[in-house]
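What follows is each chain in one-letter form.
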Amino acid sequence: MPNLFDPIRLGALTAPNRVLMAPLTRGRATREHVPTPIMAEYYGQRADAGLIITEATGVSQEGLGWPYAPGIWSTEQVEAWKPVTAAVHERGGRIVAQLWHMGRMVHSNVTGLQPVAPSATQAPGEAHTYDGKKPYETARPLRLDEIPRILNDYETAARHALAAGFDGVQIHAANGYLIDEFLRDNTNHRDDAYGGVPENRIRLLREVTERVISVVGAARTSVRLSPNGDTQGCIDSNPASVFVPAARLLGELGIAFLELREPGPNGTFGKTGQPKLSPEIRKVFRAPLVLNQDYSRVEAEAVVASGKADAISFGRAFLANPDLVTRLRDDLPLNQDNIKTWYSRGPEGYVDYPSAAE
C-alpha cells in the first residue's frame with residue numbers, strides 16, 4: 001500500500017513525499033503585483049513539501065483583483081519570481097505556479113476595470129480592495145471575440161512561469177473564479193459555444209489547458225477543480241454532469257495531476273451537502289489524483305493507503321507549519337494559524353512560525 005511519505009511521480013516531477021502545499025493567497029506582493037523578497041523566504045521555508053503550488057498568481061491585470069497578490073504577466077514580475085523559485089530549488093524543493101483569472105470576483109478598485117465573466121452576474125458578499133471591503137460588482141459578459149485574448153494571457157503566463165524558473169504550472173479552475181464560472185450553470189447563462197450543455201461549458205477549460213500544454217508540456221501542467229458545493233456563490237445544479245466529463249478530458253490531454261478541493265458537510269472553510277465527486281472522477285482520471293480540504297494526518301494516510309487518492313494537499317496547516325512534512329511524519333503537534341495575519345503585509349504570521357526543532 002502506498003504511504004503518505006512515499007515518493008510519487010507527478011508528470012515530469014518526482015516528489016519525495018505525497019504531502020503537497022496547496023495554493024494560499026497571502027497578499028505579500030507590491031501594489032503593482034510584483035513578488036517581494038520575503039516571499040522567497042516564505043516558500044523556501046516550505047521546500048520539504050512534496051510539491052509547492054504557489055498562491056494564485058494573476059495572468060493579467062484584468063484578471064487580478066486581489067490587493068497585493070502577485071502576477072506573472074510582466075517582465076518585472078518574472079524577474080521578481082526568480083529569487084522565489086531559486087530559494088525553493090536551493091533547498092531541494094519543487095514549485096509550480098498557479099495561474100489565476102478571477103473573473104467576476106475582480107473589483108475595479110484593484111484593477112481599474114469592470115470585472116468580466118461568462119455572464120452578467122454578481123458574486124455575493126464583499127471583495128477585498130485597497131480601500132477595505134466593498135460589495136462585488138456586476139460582471140460584464142465576455143464577448144466571443146475576447147476569448148482568444150484570454151487564451152493568449154494564459155499562454156503568456158505559462159511562458160513567463162518557465163522563464164521565472166518554475167517547474168510547471170497549475171491552472172486554477174476552481175473556487176468560483178473565471179474558468180469555474182464557465183463550468184457551472186448558475187454563473188454561465190450563455191447560449192453560444194461556451195454555454196448551455198456541459199460540453200460547451202467545459203470548452204474554456206479545454207482551450208486554456210491545451211494552450212498551456214503547448215508551452216510547458218502536459219507533464220508539467222496540472223489543474224485544480226472544486227466540483228462540489230457552493231464556492232463564493234458559484235454552484236452547479238448537477239455537478240457530476242460537468243465535472244466528471246471535465247476530468248475525463250483532462251486525463252485525455254495527459255496532464256500531470258488533478259487536484260480537487262472538496263468540502264464536506266462539516267467543513268471548516270466552506271461546507272456543503274453536495275457529495276464529493278472524487279470517487280467518480282477517480283474512475284475516469286488515471287493520472288495522480290490529489291485531494292484537498294480539512295484532512296488530518298490520520299485521514300490523509302488512510303485515503304492514500306486506500307488508493308482513493310495519490311496525494312493530499314494541505315493549505316492552512318502549511319501556512320502555520322513550515323516543517324509540516326516532519327510534523328506529520330513524526331506525529332508532532334501543529335502550530336495554529338492566525339487568521340488576522342493571512343493577508344497582512346509584514347512578516348508576522350508569514351515567516352515567523354517556528355519549526356518543531358526550535
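Heads up: these notes are all about the structure in this document. (Residues numbered from 1 in each chain as written. Predicted model: local features only at pLDDT ≥ 70, side-chain atom pairs only at ≥ 80, totals over all residues. Heavy atoms only, no water.)

So, about the overall build of the protein chain. When helices and strands are counted, the protein chain shows 12 helices and 14 strands. Against the 2.2 N^0.38 benchmark of 21 Å for 358 residues, the protein chain shows a C-alpha radius of gyration of 19 Å, consistent with a compact globule. Based on the C-alpha atoms only, the size of the protein chain along its principal axes is roughly 55 × 45 × 40 Å. Burial statistics for the protein chain: of 358 residues in total, 59% are counted as buried. In the protein chain, the share of contacts with a sequence separation of at least 24, taken over all contacts with a separation of at least 6, comes to 71%. When the accessible surface of the protein chain is summed, it comes to about 13300 Å², and 51% of that surface belongs to carbon and sulfur atoms. (Helix = DSSP H or I, 4+ residues; strand = E, 2+ residues; numbered from the N terminus. Rg over C-alpha atoms; globule rule 2.2 N^0.38 Å. Buried < 20%, exposed > 50% of the residue type's maximum accessible area, 1.4 Å probe, protein only. Contact = heavy atoms within 4.5 Å. Areas by Shrake-Rupley, 256 points an atom, 1.4 Å probe, with all protein chains shown as cover.)

Enumeration over the complete set of coordinates arrives at 19 salt bridges. One salt bridge connects R184 with D180, and the closest N-O pair in it is separated by 2.9 Å. Beyond isolated ion pairs, a larger network of salt bridges with shared partners links E62, R140, R143, D145, E146 and R149. (Salt bridge = Lys/Arg side-chain N within 4 Å of Asp/Glu carboxyl O.)

Right, let's get into the nonpolar core. In terms of nonpolar packing, the biggest core is built from 86 residues, with L99, L225, L258, I312 and F314 touching the most fellow members. Leave out the neighbours within four places in its chain, and L99 touches T57, V59, I72, Y154, A157, A158, V169, Q170, I171, H172 and V212. (Core = buried A, V, L, I, M, F, W, Y, C linked by side-chain atoms within 4.5 Å.)

This part is about the packing of aromatic side chains. For any two aromatic rings, the description comes down to two numbers: the centre-to-centre distance and the angle of the planes. Scanning the entire structure with this criterion turns up 8 aromatic pairs. Note on W342 and Y343: the rings are 6.1 Å apart at their centroids and 80 degrees apart in plane angle, and the pair reads as edge-to-face. We classify W342 as buried; its relative accessible area is 10%. Under the relative-accessibility criterion, Y343 is labelled partly exposed at 32%. These aromatic residues form a ring-pair network of at least three members: Y42, Y43 and Y350. Here the guanidinium or amino end of R31 rests over the ring plane of Y130, the centre of that ring lying 3.9 Å away. (Phe/Tyr/Trp six-rings, centres within 6.5 Å; stacked < 30°, edge-to-face > 60°. Lys NZ or Arg CZ within 6 Å of the ring centre and 35° of its normal.)

Okay, the packing of helix α7 (residues 203-216) against helix α8 (residues 239-253) next. Close contact between α7 and α8 brings their axes to 11 Å; oriented N to C, the two are set at 20 degrees. Considering their axes alone, α7 and α8 lie roughly parallel with respect to each other. The way α7 lies across α8 gives a crossing that is right-handed. Here L205, R206, T209, E210 and I213 of α7 lie close against α8, whose contacting residues are A246, L249, L250 and L253. Considered class by class, the residues forming the contact of α7 with α8 number 6 nonpolar, 1 polar and 2 charged. (Axes fitted to C-alpha atoms, helices over the stretch in contact; angles between N-to-C directions. Parallel < 35°, antiparallel > 145°, perpendicular 65-115°, else oblique. Left-handed = near helix turned anticlockwise from the far one by under 90°. Nonpolar A, V, L, I, M, F, W, Y, C, P; charged D, E, K, R; others polar.)

On to α7. The periodicity of an α-helix, 3.6 residues per turn, causes residues three or four places apart in sequence to face the same way. Between its terminal C-alpha atoms α7 stretches 20 Å, which fits the 20 Å expected from 14 residues at 1.5 Å a residue. Positive phi shows up at G217, right after α7, with a value of about 90 degrees. (Expected span 1.5 Å × (residues − 1).)

Attention now goes to the pairing of strand β7 (residues 126-129). Inspection of the sheet shows β7 paired to strand β8 (residues 132-135) by 4 bridges, in the antiparallel sense. In the sheet register, A127 faces β8, and the bridge partner there is K134. Hairpin connection from β7 to β8: 2 residues lie between these consecutive antiparallel strands. (Pairing = 2+ DSSP bridges.)

Turning our attention to the sheet that holds strand β11 (residues 221-225). Here we have 8 strands rolled up into a closed barrel, ordered β3-β4-β5-β10-β11-β12-β13-β14, and parallel in their pairing. Sheet twist, expressed as the average angle between the axes of neighbouring strands with direction ignored, equals 25 degrees. In terms of strand pairing, strand β13 (residues 289-292) meets strand β14 (residues 311-314) through 3 bridges, oriented parallel. Across the sheet, residue L291 finds its bridge partner in β14, namely I312.

Here we take up unusual backbone geometry. Here the phi dihedral of Q232 falls at roughly 55 degrees; this positive angle occurs in a residue that is not glycine. Tracing the backbone shows Q232 in the loop between β11 and α8. By relative accessible area, which is 29% here, Q232 ends up partly exposed. A positive phi angle is found at Q293, which is not glycine, with a value near 115 degrees. Along the chain, the position of Q293 falls in the loop between β13 and α10 (297-306).

What follows is about the environment of P67. Structurally, P67 can be placed in the loop between β4 (51-58) and α2 (75-90). Sequence-wise, P67 and A127 are 60 residues apart; in three dimensions their C-alpha atoms are separated by 9.8 Å. Leaving out residues up to four positions away in the same chain, P67 has contacts with G27, V110, H128, T129 and Y130.

Covered by surrounding structure in β14 are A311 and S313 together with I312 and F314, the residues of both alternating faces. Sheet topology places strand β3 (residues 19-21) next to β14; 3 bridges connect them, and they run parallel. Directly across from V19, in β14, lies its bridge partner I312. Remark: the β13/α10/β14 crossover connection has right-handed handedness. (Right-handed = clockwise from strand over helix to strand, strands pointing away.)

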